[in-house]
Amino acid sequence: MNDITMNDLMGLLPYAPIIAVVITVLVVMIAIAVKRSHMVTGTVTVVGLNIGLFTLLAQMAGIVSSGAAAPSAEQLFIIDNFAQFNMVVIFICALACCTLSYAYLANLKDNKDELYLLMLLSTIGALLMVSAQHLAAFFMSLEMLSIPLYGLLAYTYMRNRSLESGLKYLVLSATASATLLMGMAFIYAEVGALAFKPISLVLGNVFESPLLILGAAMMLFGIAFKLSAAPFHMWTPDVYEGAPAPIATFLASVSKVAMMALAVRFLIDTALLALPSVQILLMVMATLSILVGNLLAVRQTSLKRLLGYSSIAHMGYVLIVIVSIGTAADSISSMYMAVYAFTSIGAFGVVTLMSSPYRLAGEADELTHYQGLFWRRPVLTAVMTIMMLSLAGIPLTAGFITKLFAILAAVQGTNWFLAAMIVLGSAIGLFYYLRVLLTLFKRPKQFIEFDVAGQWGIRTGGIMVIAVTAIILFFGILPNSMIEWASMARIW
């Protein structure tokens, strides 16, 4: 067996943030084995994620070496600017979900520690997904994200809805993974390559091959399921509704950012976007996602289901960016997903704070639970108001900037129909987002089922939700720094 050389160790430098999370997993496992302590496990998890995040930021700033070796097209993973941008978003979202989980699990009459372990493992999968540039890496990292999610969704198994949520995601996700794997097999059979860039080099010789088109379509179906894009969206509202609120937050932020980044890299690097059949499929999925997501959200009385249908519509907007400007979509799609993830954390964070601590009876899920919230929790109402306005794309929020860029991308690609679909979807979305806001300002109910703790704003979860709100407002009013940062998120 060959000894590990200094060059081998230098080659691992770009992956230092991911390695930090892997070490955190090992430390958490040892801590659980020695003595179970919710506080210790939660603290170690947050510290490990912070070390990974600051290591990554130091590498991006040039303070810490990130290994200047020239990337190879045959590598399984590549840490480029695109990967680093999305990794920062994933780290922040994972930290937010961990802090929200801590207060939420306070009254859980079962082991709490394994939730952090599963969340860390899923985060490692997400970090690997945004840097995958090989079909084998694609599948392995995707499964590393998905498998811990089965346990996370069903973690509060004493609730029937939570157990149903985990089981439904398990069965349907396994089906999507099988479809994805079959699509990879068809592409490999026709092209004879597994790495993304080599696939693009030989694509011209088999451009209209039926086997290639079938493989690309099957892979798109698997990707659409993971993104909850229509018509593969049926699991989304049920899973969001049944999942524990912090895990629904994780699913709406970390999982979506990682899957979209992987899909963008796959479609651009393999040049499959050049296939007319792939473009048509993406256009159909985008249109259906916007219509189905917005129209079905209109009739929801559950806030978590409403946010689930809203996520379907937002995935449609990002798909429009991808199909409209092709190879230039990496920056805009990354910026859109970052803002969407932070907004989702704010909205689901309010649901989590209202639902904390854990109750067997359920969560603050129904819109009626928020009736008159303004009159007793004005700051929390302001947070939810800004999140809803950002999702709707109202000016002075970051959501307006990203939706504007999505429309500009559609216009740049001369896809006038898709540009009109964004406008139409936003108009429909405005109706149900404003309905949530009206509920917050109604006359309060006499009997209050759910409420936040009196000092929620100075607790970790509350501070995080307020910080996310400040980010959304700051980038909405002064978007230049966000645009400049996102413009660097380019695939090598």
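Just so it is clear, the model here is predicted, and its values are computed rather than measured.

1. Topic: the layout of surface pockets
Point 1. Each pocket or cavity is described by its volume, and for the largest pocket that value is around 420 Å³.
Point 2. Around the largest pocket, the lining is made up of 21 residues, and of these Thr-99, Tyr-102, Ala-103, Thr-460 and Gly-461 lie nearest the centre.
Point 3. Residue assignment for the lining of the largest pocket shows that the elements contributing at least two residues are helix H3 (38-61), helix H4 (81-104) and helix H18 (460-477).
Point 4. Looking at the lining of the largest pocket element by element, the count peaks at five residues for H4.

2. Topic: helix H2 (residues 16-34)
Point 1. Its 19 residues give H2 an end-to-end C-alpha distance of 27 Å, which sits within 8% of 27 Å, the value for a rise of 1.5 Å per residue.
Point 2. For H2, the set of buried residues is Pro-17, Ile-18, Ala-20, Val-21, Thr-24, Val-25, Val-28, Ala-31 and Ile-32. Buried residues of H2, seen end-on, are gathered within an arc of 150° and therefore sit on one face of the element. Exposed residues on H2 whose side chains face more than 90 degrees from its buried face are Ile-30, Ala-33 and Val-34.
Point 3. Structurally, H2 contributes buried residues whose contacts are with H3, H4 and helix H5 (113-129).

3. Comments concerning the side chain of Thr-402
Point 1. Relative to the assigned elements, Thr-402 resides in helix H16 (residues 398-412).
Point 2. Look at Thr-402 and you get buried, because its relative accessible area is 2%.

Criteria and cut-off values
- Residues numbered from 1 in each chain as written.
- Predicted model: local features only at pLDDT ≥ 70, side-chain atom pairs only at ≥ 80, totals over all residues.
- Heavy atoms only, no water.
- 1 Å grid on protein atoms, 1.4 Å probe; cavity = no way out; pocket = protein on both sides within 12 Å on 5 of 7 lines; lining within 4 Å.
- Points joined across faces, edges and corners; volume = space filled by probe spheres on them.
- Helix = DSSP H or I, 4+ residues; strand = E, 2+ residues; numbered from the N terminus.
- Expected span 1.5 Å × (residues − 1).
- Buried < 20%, exposed > 50% of the residue type's maximum accessible area, 1.4 Å probe, protein only.
- Arc of directions from axis to C-beta.
- Contact = heavy atoms within 4.5 Å.

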